[in-house]
Amino acid sequence: MADQHDILKKVISHSKEYGFVFQSSEIYDGLSATYDYGQYGSELKNNIKEFWWKAMVQMHENIVGIDSAIFMHPTVWKASGHVDAFNDPLIDNKDSKKRYRADVLLEEHVAKIEGKIQKDVNKGAKKFGADFDETEFRATNPNVQRRQAQIDDLNKRMEQAFSGDDLEAIRDLIIDMEIKCPVSGTANWTEVRQFNLMFGTELGSVSGESATIYLRPETAQGIFVNYLNVQKTGRMKLPFGVAQIGKAFRNEIVARQFIFRMREFEQMEMQYFIQPGTQKEWYSYWKEARMAWHNALGFGSDNYRFHDHIKLAHYADAACDIEFNFPMGFKELEGIHSRTDFDLNAHQEFSGKNLTYFDPEKNERFVPYVIETSIGLDRVFLAVLAASYKEEELNDGTSRVVLRIPPPLAPIKAAIFPLTKKDGLPDKAREIMRLLQFDHSCQYEEKDSIGKRYRRQDAIGTPFCITVDHETLENDTVTIRERDTMQQERVSISKLPELLGESVGMKKLLNFSTTVSK
RNA sequence: GCGAGUGUAGCUCAGGGGUAGAGCAUCACCUUGCCAAGGUGAGGGUCGUGAGUUCGAAUCUCAUCACUCGCUCCA
């Protein structure tokens, strides 16, 4: 376990060395927590997308996909709660290095003063016994009045400061109140900073006429605002799902750990619209179905676990994560949320449009409930890489680095080598390449010794290496070498398409869905 | 954002005031021909960037950028 961290480092440098992930804008020293996917990375990423899309959309009659715009009407984010919930003024104590929400610090201070008042009231009650009149005591006791005035003043100033987004005034308040850090006990505070987790940009080219719009912090809202369009044009009946893969943007305070937490990331989300009252049933169905999807990759069920949320987000009545055993420990890979009718209700209210679903069987209208499955594509990518990366000691004393990527996800499905550069072997190999590349991404290589070429393909996770030798010219057979076992088999060229198709086809992964009940 | 650490060739690193090194990788040619590291040769670095000190800075100082690890939150 001590070298778990080293594994992450190795995966990162392997990713760069073999063209999976590069730091963004690297020639300009990079851009913090932004990464680009390289020639093999983009293939792997596309294959993961395909696996998800097919498992969710193609394999479910009642789930369809959309591709909504990243830009959305600003009111969408008011309705969703993101404008309010993603706007925290934060302040750091320089001595303890602890970070606090400025508004929480002030509110706690108010509560503290109120506690003191209550203490005085209790004292008074004890002193005066049965004759005690709390209202009168509060109105007349000088201590209480002084403190109450303090609270009133503070509340007033807080309201002014927060409504005007006056960060300096908020800091002044904290200083004036002599609020101290509970950990260090000092009042050595930094500036108050506003961390808006949404990226804003300007829509409209004429200055002064533009409006601030946000880059979406989640793809889900694009589904919610289109739910009725899809339901009506697709003649969808409850329960039905709408899936989407797309970029989302969050201005994370701390974005790190390679591609695990980025400011620009890609989500694969599916919103499942259901009858109110059936959410428990569907929530547990999707928990099981999504876990089955992960397990289909074959990395071992020990590497996955559920983590139920105790404290729920403002929109959920149940929520859990599927966590994966990353090199840096178990971390969230996917979230499954029972979102109730919160989002659709909110959009109904803010838009003034009727978003109810008409149930012809029951002859009634209602706003559907929603179960959401939301998975981080970049995180699955990292999980696949981390779980696939193996350094192996071989029997002959040598070692190799191999990516045991599930074959349907592998960036390159087959590499074709002429054993030598002579005797027409390259031409024959090119011929096989042309035969296979209609269906699979293939690579042709004739440089270096055959062993070197095998190892290079191991390092990018290519499941099969096909070698053309002198016997090929005689009887049209080649050797095909399997990545994980390194075993070779002699097969005829005409068998290759079928053999590859079975092993690297997405069908192999998608078969899992039959194992989930309902 | 704050604190600590790191930054020299594609990768891993050495050099700690006197003008740039090794191994691997890359490229060319030769050799071998089914599991990496055979021979010969070549290319590649304004030492993260910018200032300062100095006759002279990769080396000392400051700033800045990026990365790694902690502190919050999430996909």
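Model, not experiment: these values are computed from the prediction.

1. A word on the sheet that holds strand 13 (residues 329-340)
Turning to step 1, where the next piece is worked out: Strand order across the open sheet formed by seven strands is 3-9-10-16-13-12-11, with mixed pairing between neighbours. Every interior strand has two partners, whereas the edge strands, strand 3 (63-66) and strand 11 (304-308), have only one. Mean inter-strand twist for the sheet, computed between neighbouring axes without regard to direction, equals 25°.
Turning to step 2, where the next piece is worked out: As judged from the four bridges shared by strand 3 and strand 9 (residues 240-249), these two strands associate in the parallel manner. Opposite glycine 65, over in strand 9, you have alanine 243 as the bridge partner.

2. Re the nonpolar core
Turning to step 1, where the next piece is worked out: Residues Trp286 and Leu409 are the most contacted members of the largest nonpolar core, which totals 64 residues.
Turning to step 2, where the next piece is worked out: Those residues in contact with leucine 409 that sit more than four places away from it in its chain are Leu44, Asn47, Ile48, Phe51, Leu297, Val384, Met506 and Leu509.
Turning to step 3, where the next piece is worked out: Formed by 23 residues, the second largest nonpolar core is a distinct cluster that contains Leu106, Ile170, Leu173 and Met177.

3. Re the pairing of strand 12 (residues 318-326)
Along a regular strand, successive side chains alternate from one face of the sheet to the other.
Turning to step 1, where the next piece is worked out: For strand 12, a buried count of eight out of nine residues is recorded, marking the element as mostly surrounded by other parts of the structure.
Turning to step 2, where the next piece is worked out: Sheet analysis places strand 11 next to strand 12, joined by five bridges and oriented antiparallel. Looking at the pairing, tyrosine 304 lines up with phenylalanine 324 of strand 12.
Turning to step 3, where the next piece is worked out: Of the strand pairs in this sheet, strand 12 and strand 13 are connected by nine bridges, and their pairing is antiparallel. Bridging from a neighbouring strand, alanine 318 pairs with serine 338 of strand 13.

4. Here's the deal with empty space enclosed by the protein
Turning to step 1, where the next piece is worked out: Counting across every chain of the model gives one cavity of 30 Å³ or more.
Turning to step 2, where the next piece is worked out: What the largest cavity holds in volume is close to 30 Å³.
Turning to step 3, where the next piece is worked out: Looking at the largest cavity, the residues that line it are His294, Leu297, Phe299, Tyr304, Phe324, Leu333, Val380, Ala383 and Val384.
Turning to step 4, where the next piece is worked out: Here the lining of the largest cavity takes three residues from helix 13 (residues 377-388), the largest share from any one element.
Turning to step 5, where the next piece is worked out: Considering only residue class, the lining of the largest cavity consists of eight nonpolar, one polar and no charged.

5. Focus: the confidence of the model for chain A
Turning to step 1, where the next piece is worked out: Confidence in the prediction for chain A averages 85 pLDDT; 89% of positions are at 70 or higher.
Turning to step 2, where the next piece is worked out: Element-level mean pLDDT values for chain A span from 66 in strand 6 (residues 193-196) up to 96 in strand 3.

6. With respect to the packing of aromatic side chains
Aromatic rings in a pair are described by how distant their centres are and how their planes are angled relative to each other.
Turning to step 1, where the next piece is worked out: For the structure shown, the criterion picks out 19 aromatic pairs.
Turning to step 2, where the next piece is worked out: Taking the centre distance of 5.2 Å and the plane angle of 70° together, the rings of tyrosine 272 and tryptophan 286 count as edge-to-face. With tyrosine 272 in strand 10 (residues 264-274) and tryptophan 286 in helix 11 (residues 279-295), the pair connects residues that are 14 residues apart, well separated along the chain.
Turning to step 3, where the next piece is worked out: Taken together, the aromatic side chains of Phe224, Tyr227, Phe240 and Phe273 make up a single cluster linked through ring pairs.
Turning to step 4, where the next piece is worked out: The ring of phenylalanine 306 is capped by lysine 287, whose NZ or CZ atom sits 4.8 Å from the centre of that ring.
Turning to step 5, where the next piece is worked out: Here arginine 305 stacks its cationic end above the ring of phenylalanine 330, 4.0 Å away from the centre of that ring.

Conventions and cut-offs
Residues numbered from 1 in each chain as written. Chains lettered and ligands numbered in written order. Predicted model: local features only at pLDDT ≥ 70, side-chain atom pairs only at ≥ 80, totals over all residues. Heavy atoms only, no water. Pairing = 2+ DSSP bridges. Helix = DSSP H or I, 4+ residues; strand = E, 2+ residues; numbered from the N terminus. Axes fitted to C-alpha atoms, helices over the stretch in contact; angles between N-to-C directions. Core = buried A, V, L, I, M, F, W, Y, C linked by side-chain atoms within 4.5 Å. Buried < 20%, exposed > 50% of the residue type's maximum accessible area, 1.4 Å probe, protein only. Contact = heavy atoms within 4.5 Å. 1 Å grid on protein atoms, 1.4 Å probe; cavity = no way out; pocket = protein on both sides within 12 Å on 5 of 7 lines; lining within 4 Å. Points joined across faces, edges and corners; volume = space filled by probe spheres on them. Nonpolar A, V, L, I, M, F, W, Y, C, P; charged D, E, K, R; others polar. pLDDT = per-residue confidence, 0-100. Phe/Tyr/Trp six-rings, centres within 6.5 Å; stacked < 30°, edge-to-face > 60°. Lys NZ or Arg CZ within 6 Å of the ring centre and 35° of its normal.

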